[in-house]
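The primary structure of each chain is shown beneath.
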Number of protein chains: 2
Amino acid sequence: MVHTGKKRTVVNFGPGPAKIPEEVLQKAQTEFLEYEHTGISVLEMSHRSPEFDGIMKETEKLLRDEMSIPNEFEVLFLQGGGSGQFAAVPMNLKFKSSSGSADYAVTGSWSAKAADEAKRYLDVNKVFTPMKPYTKIPEKSQWKFNADAAYVYYCANETVDGVEFQQPPELKYHNVPLVADISSNILSRPFDVAKHGLVFAGTQKNLGAAGLTIVIVRKDLLGHAESYTPSVLNYHENHKMNSVYNTPPVYSIYLTKLVLEWIRDKGGVHALYERNKNKSALIYDVVDDSQGFYYCPVDLSCRSNMNIPFRVGGRDGNSDLEKKFIQGAEKLDMISLKGHRSVGGIRASLYNAVSEEETRKLSEYMKEFMVTFKTEE
Amino acid sequence: MVHTGKKRTVVNFGPGPAKIPEEVLQKAQTEFLEYEHTGISVLEMSHRSPEFDGIMKETEKLLRDEMSIPNEFEVLFLQGGGSGQFAAVPMNLKFKSSSGSADYAVTGSWSAKAADEAKRYLDVNKVFTPMKPYTKIPEKSQWKFNADAAYVYYCANETVDGVEFQQPPELKYHNVPLVADISSNILSRPFDVAKHGLVFAGTQKNLGAAGLTIVIVRKDLLGHAESYTPSVLNYHENHKMNSVYNTPPVYSIYLTKLVLEWIRDKGGVHALYERNKNKSALIYDVVDDSQGFYYCPVDLSCRSNMNIPFRVGGRDGNSDLEKKFIQGAEKLDMISLKGHRSVGGIRASLYNAVSEEETRKLSEYMKEFMVTFKTEE
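What this report covers is the structure whose coordinates are included nearby.

Calculation criteria
Residues numbered from 1 in each chain as written. Chains lettered and ligands numbered in written order. Predicted model: local features only at pLDDT ≥ 70, side-chain atom pairs only at ≥ 80, totals over all residues. Heavy atoms only, no water. Helix = DSSP H or I, 4+ residues; strand = E, 2+ residues; numbered from the N terminus. Buried < 20%, exposed > 50% of the residue type's maximum accessible area, 1.4 Å probe, protein only. Lys, Arg positive; Asp, Glu negative; His and termini not counted. Salt bridge = Lys/Arg side-chain N within 4 Å of Asp/Glu carboxyl O. Polar contact = N/O pair within 3.5 Å; in protein donor to acceptor, adjacent residues only side chain to side chain. Contact = heavy atoms within 4.5 Å. Pairing = 2+ DSSP bridges. Axes fitted to C-alpha atoms, helices over the stretch in contact; angles between N-to-C directions. Least-squares fit on C-alpha atoms with pLDDT ≥ 70 in both. Buried area = accessible area lost by both parts, 1.4 Å probe. Core = buried A, V, L, I, M, F, W, Y, C linked by side-chain atoms within 4.5 Å. Phe/Tyr/Trp six-rings, centres within 6.5 Å; stacked < 30°, edge-to-face > 60°.

### A word on the side chain of Glu158 of chain B
Residues and elements named next belong to chain B.
Right, so step 1: With respect to the helices and strands, the residue Glu158 is situated in strand E6 (residues 157-158).
Right, so step 2: Of the buried charged residues, Glu158 lacks a salt bridge, with Arg347 as the closest side chain of opposite charge at 8.7 Å.
Right, so step 3: Among the polar contacts made by the side chain of Glu158, one reaches the main-chain amide nitrogen of Ser109 at a distance of 3.4 Å.
Right, so step 4: Apart from residues no more than four positions distant in its own chain, Glu158 is found in contact with Thr107, Gly108, Ser109, Trp110, Ser111, Val163 and Asn307.

Listed below in structure tokens is the structure:
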């Protein structure tokens, strides 16, 4: 018997690796030593066994169902995270451009990193001049597309900066595939895969554990990778081998399966989206009603439901107050609220696994903190 | 409370993902929901948190202690498995050769795969003509080294073919770094890291779960990667960021820490080596005393302690008997004994976590099976 103790009380607002639903962890703990009647842990299971093949097929089926992935797309289970994809995308898709270039929409630090990595492989055309700090997505009229681009790249939700596309961008050239990094908002809102040529996501935010990267790619984009593409990042090689080109992260795939079952049981992505809008409103409302005590720099048109960066004590933040804010939150068992070092201040990450009740605890704390410290501003 | 049930009775002879020590799984299960007093699971822990930094530093320290890694080597925690390293090694080390070539010793299917992948990046000189089937390592006099090779590559233990180097190969040109894939025999026997420029291992055989790749690299080899090297496979980029260039597989690192503690508590690599020799002898002795009923094709000089491939019913195997052998073993709760499809027959993988008692169960079964079926041969 294992003592699991009482229900956990810590509220984890971390940006990733992030909270995993309680029910998922409970189930994984229960079958940690033995998966179904196999006599072994999933951790010890051959990736070529029928049992693991079943887990992988079921994971793909659940993902296809919950994301409404059309049949002309393949689902790949890879390693290397989003950063691995920053290289894999240009290496695999460069063939689409006769001039060897690609379009990048830089709306935050992750798309900026992706554009930098892509420069190793092709000419990067930034479709607009990135604004710094990253607080707004320029209007479509300002985007300068390249008709010969291999693809148009964007990050659907910037985890560090809290900038989220409410819709995929409209393209000028419809033969150019759209590529999206959806690592930090996958299955947090309805998302039209069919508008894209390729989307990818690390699983450590909304889909379970670190170590697994999901790539959803249109079949016609497979099979033309540059010769220097490592096999582990070659979509076609991995697809041919049904994502067991080499040993996949079996346990991370299993956890993603459990999270997808949890999403299904919660009513799917539409129900989660309603919940996520309510959750983020709980925080944004306190910020916007605070008469400047709290300040979120992100434009109303592109505020993220998943990651909310804000300052305490005015536009530029009061570092003493921000320290007190974090310490006070930790005393109340709310952790990982520190903003990314490039942005400063506070960041509340409200992934699917964070409940409305937990979010309300933070918003109540924010109100009380303001009452106590507004005079110190 | 979680019901863990009685002690598990299944014996897992799988080649990887493979058996994890019972004590490790028990401990991981106990602290699955909450690591120490953090209130959260390791699965949910930020890779930039002090708690995870502590886990990573302790993992590196244990690895350095148990492998006696000299100070001039860096330890990196990467993703992508051995197959990722098949590309990363040439991309990072090609600079060492003015002619752009590297030496490969092909002694089995994994070094063959590594050589194939390297051809994307440089000229591959096979230091001897690979023999097929892979059953022997040619003597040193037959190795033809290239003075301008970027490195000399070998696989210390061929998981599929059961061919293991008893010592690192002696090189002719001592300025050429030696590179070893030690995925399937890491910490199963004493190993002199200092004789190498770089060694790497996936952790899913002797060090825990799939999803983590450990690279041990001499400092002077860092910083000269080819321009097309993806950052996630660039040793220098990862070293600069202390292996958190991007989100590492936090849970796999934690499990490796637990396995390293278990290795230390078992008396370290020298004690495990004695145990592993005894274990493999239990199987090889039955094979060699069977008057040809069992047949292991690997030369006595290079038989593996970790992976023992053998046929049942003569040199070429009797497929009916081999099927019965596997079915009979499964009835006795011994699983994953089927040989790799490229070799056929049976393979018993006897990694560190497989006990002498478990190995004895297999050798006793082999004797009984022979008595029952020798006439059918």
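Structure shown, so let's carry the discussion forward.
### Side note on the sheet that holds strand E2 (residues 73-78) of chain B
Residues and elements named next belong to chain B.
Right, so step 1: The 7 strands lie next to each other as E2-E10-E9-E8-E5-E3-E4, forming an open sheet whose pairing is mixed. Only two strands of the sheet have a single neighbouring strand rather than two, namely E2 and strand E4 (123-126). On average, each strand axis in the sheet is tilted by 20 degrees relative to the strand beside it, whichever way the strands run.
Right, so step 2: Here 4 bridges tie strand E3 (residues 101-104) to E4, and the two strands are oriented parallel to one another. Bridge pairing in E4 links Ala102 to Val124.

### Details of the relation of the copies chain A and chain B
Right, so step 1: Of the transformation placing chain A onto chain B, the axial shift is 0.0 Å and the rotation is 180 degrees, giving an RMSD of 0.0 Å. Between the two chains, the operation in question is that of a two-fold axis.
Right, so step 2: Comparing interface residues between copies, 100% of those in chain A also sit at the interface in chain B, which points to an isologous, same-surface contact.

### Describing the environment of Asp192 of chain B
Residues and elements named next belong to chain B.
Right, so step 1: Along the chain, Asp192 turns up in the loop between strand E8 (178-181) and strand E9 (198-202).
Right, so step 2: You can call Asp192 partly exposed: its relative accessible area is 38%.
Right, so step 3: Taking the C-alpha atoms as reference points, Asp192 and Ile137, separated by 55 residues in sequence, lie 19 Å from one another.

### Points about the sheet that holds strand E10 (residues 213-218) of chain A
All names here are of chain A.
Right, so step 1: As summarised here, the arrangement of the 7 strands in space is E2-E10-E9-E8-E5-E3-E4, forming an open sheet in which the pairing is mixed. Looking along the sheet, the strands with just one partner apiece sit at the ends: strand E2 (73-78) and strand E4 (123-126). Neighbour-to-neighbour, the strand axes of the sheet open up by a mean angle of 20 degrees, direction not taken into account.
Right, so step 2: In this sheet, strand E8 (residues 178-181) lies alongside strand E5 (residues 152-155) in parallel orientation, the contact comprising 4 bridges. Within the sheet, the bridge partner assigned to Val152 lies in E8 and is Leu178.
Right, so step 3: In the packing of helix H3 (residues 81-93) onto the sheet, the strands contacted are E2, strand E3 (101-104), E5, E8, strand E9 (198-202) and E10, and the crossing angle to E9 comes to about 160 degrees.

### Things to note about the interface of chain A and chain B
Right, so step 1: Counting residues at the interface gives 61 residues for chain A, matched by 61 residues for chain B.
Right, so step 2: For the pair chain A and chain B, the two sides together bury roughly 5,300 Å², of which 59% comes from carbon and sulfur.
Right, so step 3: For the interface between chain A and chain B, the tally reads 2 salt bridges.
Right, so step 4: Close ionic contact of Arg8 of chain A with Glu44 of chain B constitutes a salt bridge, the shortest N to O distance being 2.8 Å.
Right, so step 5: Across the contact surface, chain A and chain B share 25 residue pairs in polar contact (both at pLDDT 80 or more).

### What about the nonpolar core?
Right, so step 1: Tyr294, Phe310 and Phe325 of chain A together with Tyr294 and Phe310 of chain B are the most contacted members of the largest nonpolar core, which has 186 residues in total.
Right, so step 2: Other than its neighbours up to four places away in sequence, Phe310 of chain B contacts Ile283, Val287, Tyr294, Tyr295, Cys296, Phe325, Gly345, Ile346 and Met366 of chain B.

### Considerations on the packing of aromatic side chains
All names here are of chain A.
Right, so step 1: If you walk through the whole model with that rule in mind, you get 47 aromatic pairs over all chains.
Right, so step 2: A ring pair is formed by Tyr251 and Tyr254, whose centres lie 5.2 Å apart and whose planes are at 45 degrees; its orientation type is tilted. Here Tyr254 and Tyr251 lie together in helix H6 (residues 250-265), a separation of 3 residues that amounts to about one turn.
Right, so step 3: We classify Tyr251 as buried; its relative accessible area is 6%.
Right, so step 4: Taking the relative accessible area as the measure of exposure, Tyr254 reaches 0% and is therefore buried.
Right, so step 5: Seen in terms of ring centroids, Phe325 and Phe369 are 5.2 Å apart; in terms of plane orientation they differ by 80 degrees. Their pairing is edge-to-face. Of this pair, Phe325 sits in helix H8 (residues 319-331) while Phe369 sits in helix H9 (residues 356-373); the two residues are 44 residues apart in sequence, bridging distant segments of the chain. One exposure class covers both Phe325 and Phe369, and it is buried.

### As for the pattern of salt bridges
Right, so step 1: By the definition in use, this model includes 40 salt bridges over all chains.
Right, so step 2: The partner of Glu261 of chain A in a salt bridge is Lys257 of chain A, and the shortest N-O contact between them spans 3.2 Å. Of this pair, Glu261 of chain A and Lys257 of chain A are both found in helix H6, 4 residues apart, which corresponds to roughly one turn of the helix. Lys257 of chain A shares its class with Glu261 of chain A; the two are buried.
Right, so step 3: For Lys219 of chain B, the salt bridge goes to Glu74 of chain B, with nearest N and O atoms at 3.7 Å. Of this pair, Lys219 of chain B sits in the loop between strand E10 (213-218) and helix H5 (235-240) while Glu74 of chain B sits in strand E2, and the two are 145 residues apart along the sequence.

### Points about unusual backbone geometry
Right, so step 1: Geometrically, the link from Gly16 of chain A to Pro17 of chain A is a cis peptide bond, its omega value of -10 degrees lying close to zero.
Right, so step 2: Examined against the element boundaries, Pro17 of chain A turns out to sit in the loop between strand E1 (11-12) and helix H1 (22-30).
Right, so step 3: Along the chain, Lys132 of chain B connects to Pro133 of chain B via a cis peptide bond; the corresponding omega equals -5 degrees.
Right, so step 4: By the element assignment, Pro133 of chain B lies in the loop between E4 and strand E5 (152-155).
Right, so step 5: Phi at Ser68 of chain A is positive, roughly 50 degrees, even though this residue is not glycine.
Right, so step 6: If you trace the backbone, Ser68 of chain A turns up in the loop between helix H2 (50-67) and E2.
Right, so step 7: Positive phi values are uncommon outside glycine, yet Gln291 of chain B reaches one of about 50 degrees.

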